[in-house]
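Observations on the model geometry
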Amino acid sequence: MAQILSPELLLAALMLASTYALVALGLNLIYGAMRLLNVAHGDLMVLGGYVAWSGFTLLGLSPLLGLFGAMLLAAGLGIACYTLFFKRLVRNTAIAARLEANSLLIFFGVSIILQNLMSLVFTADARSYSYMDTLVQWGSVSIALNRLVILGISAGATVAVLCFLRLSVFGIAIRALIQQRDAASLIGIDADRINIVVFCLGFALAGLAGALISMTESVTPFGGFPFTIAAFVVVILGGLGSLGGAVAGSLLLAFVEVYGVTLTSAAYRSILVYGLFILILFVRPQGLFGRKAN
Amino acid sequence: MARTVFSSVDKGGLTVAASLTGVAALSPLILSAYGVGVLTQLCAWIALAGSWVAFSGMTGYISLGHAVFFGLGAYIMALGWQQIPIVAILPLAGVAAAALALVVGFPALRVRGPYFVILTLGISEFLKYVVVAIEASLGAGGRLLIDTPDTVVLFYPMLGLALAATAINVWLTRSRLGAALRAIREDETAAATVGVPVTRIKMLAFAVSAVIPAMVGALSVLRSTYFEPMQLFSPTTSFTIVTMAIIGGSDRPAGPILGAAFILFLSELLWARAPQTYMILLGALLIGFVLLAPSGLSGLWARRRSASLKRRAVVGRPA
């Protein structure tokens, strides 16, 4: 029992929750504003991880600088994806009726392309590096420094994005679009411009999350899928399109995962994660905080 | 609707189907073992993509979980191999998959759109890890199946499954049930208002579309002779099924056949030499078809035919 109450476990859960929140936020923004399901989200994270890795091992750049490169590259990809694939799709009403399904398929195509491009460029070998992996003593608690950095940056970035959405004019416009797409366009919000910003932001957050995670975990070209799934689990737990809900969902998932694994065994990790996800959707189909679909 | 069954267009389609089946049935006499293997694989994909279209293509409920039925069938075959005869295991696998579809479908089919898509994927992954945990607790990472039948022996039942899936889709394009399913896709509330028993019909279609994938899975594991849950329940199977159905077109019975044949041809051409290039091409094709030709290869073909046949082809085209 003493193990369950240890502060290390609490920190581990909080750290996982903060990365999940960051990962899910990007996914949720794009879904909320445009009803597009980005199944390539995890692959964008892997791309971010590769940017940080190459910056560190090839150029000797600190990953803390590399993560800006990861965000820039991902945001650039976001602009490219939007203008190439989705600009017409979002406008074209004939296809828009099946927009969600189509976006899923297009992003699936993007995901396959990204995975295999990365596999061609970086080979299938797992890439990792060590950066700030010294242990920090804090009373009786010891924790790796890079994990603390990840916790700090992802929690900070999540709060910053949430503040941006609540306080800035642009953020309020995005939230208006999430709540009432047609009404937002009627009062003069330029949906097209907002869409590009949302794509940039959503993709950049994935790049950032990937660059952060690469400090503690190795990067492989096909390693993005579990992250995509975790992001979807978090977002559905909180309700698709509900930004605050995703933060709550990430806390719930991380605590169930960390404490569940401690109480049972690491072999049951995936069963716990998916079990929780299925249970919530069966009991509350619109997610924990989602509004009922009309 | 039933009156269009014997129009001349359908007779043409029937002739094509019969001659294709005849050629396929006789091909093991001339083809090498490798050729028969490829053909068996083609039939497997046609059966899988066809079953998917019968539910997801018709209702618009996109299932990303069909790998779970495939895996379940393979698991039942691996458990029963050399204890129960194959002819008993195959229907058993089908019934088990239909039962699983009913149990899962009852709560899952209450949610629509993205929730349903991700839920099916989640259920499939959940059951995959449950099977992994069961097998691990039994102390086995996988199961080796010995003395499995020859590929040529497995080819004929696989051909039968591909035919069955296609026949179901042909029947759905012209039956009341098919019309009801398409009504659900276009507007579920409106369908319920005019008296379509939506819940019952969705459940029925989901269960039916689970049966054939389970049997395909059971036969496939006999071909690979090794049961490994991570591989047989792999979400890649679900994704490949969807890609084939989209590229072929999920509105016409010929769609899954064209999609499966096209992708298998591409994979035979490129997979061994340049797997990454093959996958990149596949991704680009998927995006291209969704954006530029949402009705798939079969839709493009039908458009060309209707341009030349003008009036006649309009009769046989589904709404």
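Residues numbered from 1 in each chain as written. Chains lettered and ligands numbered in written order. Predicted model: local features only at pLDDT ≥ 70, side-chain atom pairs only at ≥ 80, totals over all residues.

A word on the overall build of chain A. A tally of helices and strands in chain A yields twelve helices and two strands. Overall, chain A shows an N-to-C arrangement of helices and strands of α-α-α-α-α-β-β-α-α-α-α-α-α-α. For chain A, whose C-alpha radius of gyration is 19 Å, the value lies close to the compact-globule estimate of 19 Å for 294 residues. A burial count over chain A gives 49% of its 294 residues as buried. (Helix = DSSP H or I, 4+ residues; strand = E, 2+ residues; numbered from the N terminus. Rg over C-alpha atoms; globule rule 2.2 N^0.38 Å. Buried ≥ 20, exposed ≤ 12 C-beta atoms within 10 Å, placed from the backbone.)

Moving on, we come to the overall build of chain B. Across its full length, chain B carries 15 helices and two strands. The dimensions of chain B, computed from C-alpha atoms along their principal axes, are 65 × 50 × 40 Å. Evaluated residue by residue, chain B yields a buried proportion of 48% over its 319 residues. The contacts in chain B between residues at least 6 apart in sequence include a share of 78% that link residues at least 24 apart. (Contact = placed C-beta atoms within 7 Å.)

It is worth spelling out helix α12 (residues 269–283) of chain A at this point. Taking 1.5 Å of rise per residue, 15 residues should cover 21 Å, and α12(A) covers 21 Å from first to last C-alpha, within 8% of that figure. Taken together, the buried positions of α12(A) are occupied by Val273(A), Tyr274(A), Phe277(A), Ile278(A) and Leu281(A). Looking straight down α12(A), one finds its buried side chains confined to an arc of 120°; they lie on one side. Turned more than 90 degrees from where α12(A) packs its buried face, Leu279(A) and Val283(A) sit exposed. Residues of α12(A) that are buried in the fold lie against α10 (225–238) and α11 (243–263) of chain A together with α5 (113–137) of chain B. (Expected span 1.5 Å × (residues − 1). Arc of directions from axis to C-beta.)

On to the interface of chain B and chain A, then. When the parts come together, some accessible area is lost, and that loss is often what is quoted as the size of the interface. On the side of chain A, 35 residues touch chain B, which itself brings 32 residues to the contact. Examining the composition of the side of chain B that touches chain A, we find that 14 residues originate from one element, α5(B), more than from any other. The class makeup of the residues in the side of chain B that touches chain A is 25 nonpolar, five polar and two charged. (Nonpolar A, V, L, I, M, F, W, Y, C, P; charged D, E, K, R; others polar.)

With that settled, consider the environment of Val51(A). All names here are of chain A. Locating valine 51 in the fold gives a position in helix α2 (residues 41–58). Take valine 51: there are 26 C-beta atoms within 10 Å of it, and that puts it in the buried class. Note: C-alpha distance between valine 51 and leucine 73 (22 residues apart in sequence) is 8.5 Å. Those residues in contact with valine 51 that sit more than four places away from it in its chain are Gly66, Gly69, Ala70, Leu73 and Ala211.

With that settled, consider the environment of Phe206(B). Residue and element names in this part refer to chain B. If you trace the backbone, phenylalanine 206 turns up in helix α9 (residues 198–224). Overall, the presence of 24 C-beta atoms within 10 Å leaves phenylalanine 206 in the buried class. Residues contacting phenylalanine 206, with those up to four places away along its chain left out, are Phe55, Ala101, Gly105 and Leu109.

Turning our attention to helix α5 (residues 99–122) of chain A. Here α5(A) is 24 residues long and its end C-alpha atoms lie 33 Å apart, about the 34 Å a rise of 1.5 Å per residue gives. The first or second residue beyond α5(A) is Thr123(A), which carries a positive phi of 60°.

This part covers the pairing of strand β2 (residues 141–144) of chain A. Residues and elements named next belong to chain A. When strand β1 (residues 135–138) meets β2, the two strands line up antiparallel, connected through four bridges. Within β2, the position partnered with leucine 135 by the bridge is alanine 144. Hairpin remark: β1 followed by β2, antiparallel, with two residues in the connecting loop; positive phi at glycine 139, about 70°. (Pairing = 2+ DSSP bridges.)

This brings us to the confidence of the model for chain B. Low pLDDT means the predicted atomic positions in that stretch should not be read closely. All names here are of chain B. Per-residue confidence for chain B averages 86 on the pLDDT scale, and 93% of its residues sit at or above 70. Looking over chain B, one finds the lowest element-wise mean pLDDT in helix α15 (residues 311–316), namely 54, and the highest in helix α3 (residues 66–80), namely 94. Note that pLDDT drops below 50 for residues 1–8; the model gives that stretch eleven contacts with residues more than four away or on any other chain. Interface confidence in the predicted complex, given as ipTM, is 0.84; pTM for the same model is 0.84. (pLDDT = per-residue confidence, 0-100.)

A separate point is the packing of α2(A) against helix α9 (residues 191–213) of chain A. Residue and element names in this part refer to chain A. Following both chains from N to C, one finds α2 and α9 inclined at 55°, their axes separated by 6 Å at the closest point. Accordingly, the angle class assigned to the pair α2 and α9 is oblique. In this structure, the crossing between α2 and α9 has a hand that is right-handed. Residues His41, Leu44, Met45, Val46, Leu47, Gly48, Gly49, Val51 and Ala52 of α2 form the contact with α9, whose participating residues are Phe203, Ala206, Gly207, Leu208, Ala209, Gly210, Ala211 and Ile213. Partitioning the contact of α2 with α9 into residue classes produces twelve nonpolar, five polar and no charged. (Axes fitted to C-alpha atoms, helices over the stretch in contact; angles between N-to-C directions. Parallel < 35°, antiparallel > 145°, perpendicular 65-115°, else oblique. Left-handed = near helix turned anticlockwise from the far one by under 90°.)

For residues that are not glycine, phi is negative in most cases, and the peptide bond is trans in most cases. Unlike most non-glycine residues, Thr123(A) shows phi in positive territory, near 60°. Of note, Gln82(B) is a non-glycine position whose phi angle comes to about 70°, a positive value. With respect to the element layout, Gln82(B) can be found in the loop between α3 and α4 (86–108).

Summing up the model confidence of chain A, the mean pLDDT is 84 and the portion of residues at 70 or higher is 95%. Across chain A, the secondary-structure element scoring lowest on mean pLDDT is helix α4 (residues 93–96) of chain A, at 58, and the one scoring highest is α2(A), at 92.

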